[in-house]
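Coordinate inspection notes
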Amino acid sequence: MTTLLWVVFPYVCLTTFVVGLFWRWRYDKFGWTTRSSQLYEGRQLAIASPLFHFGILAVFGGHIMGLLVPASWTAALGISNELYHAVAAIAGSVAGIAAAAGLAMLVARRRLTRSILQVTTPVDKAMYVVLGLVIAIGLVNTVGLNALGIGHDYRTDVAVWVRGILLLQPQPDLMAAAPPTFQAHALVAFTLFAMWPFTRLVHVFSVPLGYVARPYILYRTRDARPGVRTPRRGWEPPGS
Amino acid sequence: MRVMAQMGMVMNLDKCIGCHTCSVTCKQAWTNRSGVEYAWFNNVETRPGQGYPRRWEDQERWDGGWVRTSSGRLELRSGGRTKRMLRIFSNPTLPGLSDYYEPWTYDYDVLLSAPAQADTPVARPKSLITGEPMAIRWSANWDDDLGGAPEHAPSDPVLQKIGEQVRLSFEQAFMYYLPRICEHCLNPSCVAACPSGAMYKRAEDGIVLVDQDGCRGWRMCVSGCPYKKVYFNHKTGKAEKCTFCYPRVEAGQPTVCAETCVGRLRYIGLFLYDADRVLEAASVEDPRDLLEAQRSVILDPEDPAVIAGARAAGIAEDWIEAARHSPVYALTNRYRIALPLRPEWRTMPMVWYIPPLSPVVDAVAGSGFDGEDRATLFAAIGALRIPVEYLAEQFSAGDPAPVEHSLRVLAAMRSHMRRLNLGEPDGDAEAEAASVGFTPRALEDLFRLLAIAKYEDRYVIPAAHVELAASLDEAACSLDFEGGPGMGGYGTFGQPPSTPISVESFHLTRQRAAAERYADLPEVRGAVARAPEAGGEPSERKGGAR
């Protein structure tokens, strides 16, 4: 059971994540979009969307810090474990609450605005449930356990396990011994990774960093003539 | 000098009767699909008026186009790259659906399926966005023909700029139609605003397009375009815009809007321009110099140096030949009567307009004078402050001189041709033509181009590649086949395999023949399904369950 939950399941999810993204990129660039609903409703979005997105970006940065950077590195920089956890708990709580509040507002907006509700697909709904769960359990860990509660030094078990997964040297026993809420957070998060390529979340990988450095006006020469090149799926001319 | 070719258009506003044929045929060709019901790649608005989307010219609100910074560089009006990146999660200058209008259909089925009853059945309007019954409060041409002008026209940004005192008198004196498509600018701010790099200018003909596979739906182009001519397809989550009907133009045919224009007022042809000078010209300090700067970027296709440069740049001989006969070059640079729309936004728009003389003629005729008489008209052009000032705001950054020049040329042409046709004494034809910088012969040529307006004179369009032109097929470029991206489905999980047209029409024909009720007709089901796709499930049932 330990192996199934903490080795097989994560790898299945990660494989789905990577292969799925490749498949989606290869075959569905046309469907790869933010699917913005701003045209329908802008006033609530103006508050909720930046709140959620900046919050979740901070949360992402915190996970990089907490999971991928070994405790020995921060210690080498002269940051004590207590200081690290105090900062992490406070910053993590702020970011997590911002993301959760933003998401709650976005979902409420989506539910209550008829036009947006009607373009919400079942996949969207499933994704919001899982994303909401991940954030909620994460908040329990960060706010409930680490900021207000007894605290748990995840850098001795969860983080080591995650690095083990990524380095292909899984250490499932570490995770099996972690607190149940951390276990739940990890499981739901990996579920989200498995769903990722099939949802609107793919737009995360379109973050337009290249824009900062490119020329303003772009020129392209005309495509090869129809028939000269095999058209991409979905772009075949009629009658072919 | 780096010579590039650019497809351009000129519209002779003097001849526009506001019939909206261009808009309707464009819509049928390009935006008769779910997700872009509200979008009009071509629209005709009555000026004075708010336009479509409402008050699109108000860049204080929409932040479109470019501005010149104090250091003389060009920057997008909405700010630098980083500033705009930080607004990516919620674009503060994106028009909402209410700024366009909420698209609707009618519950036509009621008219056919209602049982015998005392009252006439009524087809109620239903929103294509929510599927709910709705009250129609605005549309793409709500203030057509100055309808509701006392209420709506005061919100016209141009009127507000030229002042309060204008308002009362203009209603009797002044109205014209402004057909608008994408300007296919030389310096397009939509392209510059696109974070994904999905928008581009075609190197061959300068047509500005959106790569539907590259667009990620950030919506910055919609804000970046000061003309609000990029639209967000709310079903596919991608930007769409006027394509200058490139599949037709590549085959040497005019755009749909131009082809179907009953007033024959559109001209399509090539410009040769110096790509190296575009930025410099767009950056001149005084906005009133922008018109001349823009003209100066366009090269004389008869100049041997330009022709040599064009050949060096790989422009085909038939294209150079077409550029030499280009009606748009003649109207913008040779006769100098066509003006760009809103040059002060520094995008170097390539759809030009001949300002309308008719409002002046009407005003003169209305006051009992001879509206065709040159002297009277000339006096009126100088005296009628309102039309000229209004036109100058739209076409020459507020400088009345270019507008007055265009109107004087039109007036001189009218009186010259009247004299010829009525056999009136010659008088001083040479001197009168010279007073607007023309010869009598040139005025007659202009008359031929503007008034006779033969098809082959209006459209000088070289096919894409002569050697490949025969293999170009309009239909091959259409997005509108079943299951194709033009159908506006989600496409998230792959679309149904595209069906060959022959099979599709076979099924359509059979369904049409076998349909029991109007609502079951395939095309009607399609129209209803355009409305709500609740949870991704097609809504035929909603329409059919009445």
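Computed from a predicted structure; not experimentally measured. (Residues numbered from 1 in each chain as written. Chains lettered and ligands numbered in written order. Predicted model: local features only at pLDDT ≥ 70, side-chain atom pairs only at ≥ 80, totals over all residues. Heavy atoms only, no water.)

Regarding the overall build of chain B
The line we're drawing: Helix and strand assignments follow DSSP, with helices taken as H or I runs no shorter than four residues and strands as E runs no shorter than two, numbered in order from the N terminus. With a 1.4 Å probe rolled over the protein chains alone, any residue whose accessible area is under 20% of its type maximum counts as buried; one over 50% counts as exposed, and the rest are partly exposed. Any two residues having at least one pair of non-hydrogen atoms within 4.5 Å are treated as being in contact. Note on areas: these come from Shrake-Rupley sampling with a 1.4 Å probe, and a residue is covered only by the protein chains present in the view.
Secondary structure assignment for chain B yields 28 helices and 15 strands. A burial count over chain B gives 59% of its 546 residues as buried. Sequence separation of 24 or more characterises 71% of the internal contacts of chain B that already satisfy a separation of 6 or more. As displayed, chain B has an accessible area near 20900 Å², and 53% of this comes from carbon and sulfur atoms.

Topic: the side chain of S115(A)
Among the secondary structure elements, S115(A) is positioned in helix α5 (residues 114-118). Not counting chain neighbours up to four residues away, the residues in contact with S115(A) comprise Y40(A), I129(B) and T130(B).

A closer look at the pairing of strand β12 (residues 266-274) of chain B
Look at any regular strand and the pattern is simple: side chains alternate between the two faces of the sheet. Residue and element names in this part refer to chain B. Under the convention used in this document: Think of it this way: DSSP has to see at least two bridges between two strands before they count as a pair.
For β12, a buried count of 9 out of 9 residues is recorded, marking the element as mostly surrounded by other parts of the structure. Of the pairings in the sheet, the one linking strand β1 (residues 3-12) to β12 comprises 9 bridges and is antiparallel in character. Bridge pairing in β12 places M4 opposite Y273. Note: β12 against strand β13 (residues 298-299), 2 bridges, orientation antiparallel. Bridging across to β13, Y273 finds its partner in I298.

Remarks on the environment of V140(A)
Here V140(A) is to be found in helix α6 (residues 122-148). Setting aside chain neighbours within four positions, we find V140(A) in contact with L145(A) and T181(A).

Re a nonpolar patch on the surface
Put simply, the rule is: Exposure above 30% relative accessible area and the lack of any salt bridge qualify a residue for a patch; like charges then connect within 9 Å, and the nonpolar side chains Val, Leu, Ile, Met, Phe, Trp and Tyr within 5 Å. Criterion for a salt bridge: a side-chain nitrogen of Lys or Arg within 4 Å of a carboxyl oxygen of Asp or Glu.
Residues F60(A), I64(A), L68(A), L166(A) and L167(A) make up a contiguous nonpolar surface patch of roughly 490 Å² in combined accessible area. The biggest single contributor to the nonpolar patch is helix α2 (residues 43-68) of chain A, with 3 residues.

What to know about the packing of helix α21 (residues 400-422) of chain B against helix α23 (residues 440-452) of chain B
Residues and elements named next belong to chain B. Here is the rule we go by: Lines fitted to the C-alpha atoms define the axes, with helices restricted to the stretch that makes contact. Angles between their N-to-C directions range from 0 to 180 degrees. Each angle gets one of four labels, with under 35 degrees taken as roughly parallel, over 145 as roughly antiparallel, 65 to 115 as roughly perpendicular, and the rest as oblique. Three classes are used: nonpolar for Ala, Val, Leu, Ile, Met, Phe, Trp, Tyr, Cys and Pro, charged for Asp, Glu, Lys and Arg, and polar for all others, with Gly counted as polar.
Relative to each other, α21 and α23 sit at 95 degrees, their axes nearing to 9 Å. Comparing their axes, α23 and α21 come out roughly perpendicular. Of the residues in α23, those in contact with V409, L410, A412, M413, H416, M417 and L420 of α21 are P440, L443, E444, L446, F447 and L450. Tallied by class, the residues present in the contact of α21 with α23 amount to 11 nonpolar, 1 polar and 1 charged.

With respect to the confidence of the model for chain B
All names here are of chain B. Selection criterion: What pLDDT reports is the predictor's confidence in each residue, on a scale of 0 through 100.
Confidence in the prediction of chain B, expressed as mean pLDDT, is 85, and 83% of residues score 70 or more. For chain B, per-element mean pLDDT is lowest for helix α28 (residues 540-544), which scores 38, and highest for strand β15 (residues 351-354), which scores 98. Throughout residues 468-505 the model reports pLDDT below 50, and contacts reaching past four residues in sequence, or to other chains, amount to 74 contacts. In this model, residues 526-546 is a region of pLDDT below 50 whose contacts with residues beyond four sequence positions or in other chains number 43 contacts. As scored by the predictor, the complex reaches a pTM of 0.85 and an ipTM of 0.89.

Examining the sheet that holds strand β1 (residues 219-220) of chain A
As summarised here, the arrangement of the 3 strands in space is β1(A)-β8(B)-β9(B), forming an open sheet in which the pairing is mixed. Only two strands of the sheet have a single neighbouring strand rather than two, namely β1 of chain A together with β9 (208-210) of chain B. One ladder, built from 2 bridges, connects β1(A) with strand β8 (residues 199-202) of chain B; its direction is parallel. Bridging across to β8(B), R220(A) finds its partner in R202(B).

Considerations on the packing of helix α18 (residues 358-366) of chain B against helix α19 (residues 374-383) of chain B
All names here are of chain B. Applied cut-off: Should the near helix be turned anticlockwise from the far one by less than a right angle, the crossing is left-handed, and should it be turned clockwise, the crossing is right-handed.
For the pair α18 and α19, the least separation of the axes is 10 Å and the interaxial angle reads 110 degrees. In terms of axis orientation, α18 runs roughly perpendicular to α19. When you trace α18 past α19, the crossing you get is right-handed. Residues V360, V361 and V364 of α18 touch α19, and the partners they reach there are T376, L377, A380 and I381. Here the contact of α18 with α19 is composed, by residue class, of 6 nonpolar, 1 polar and no charged.

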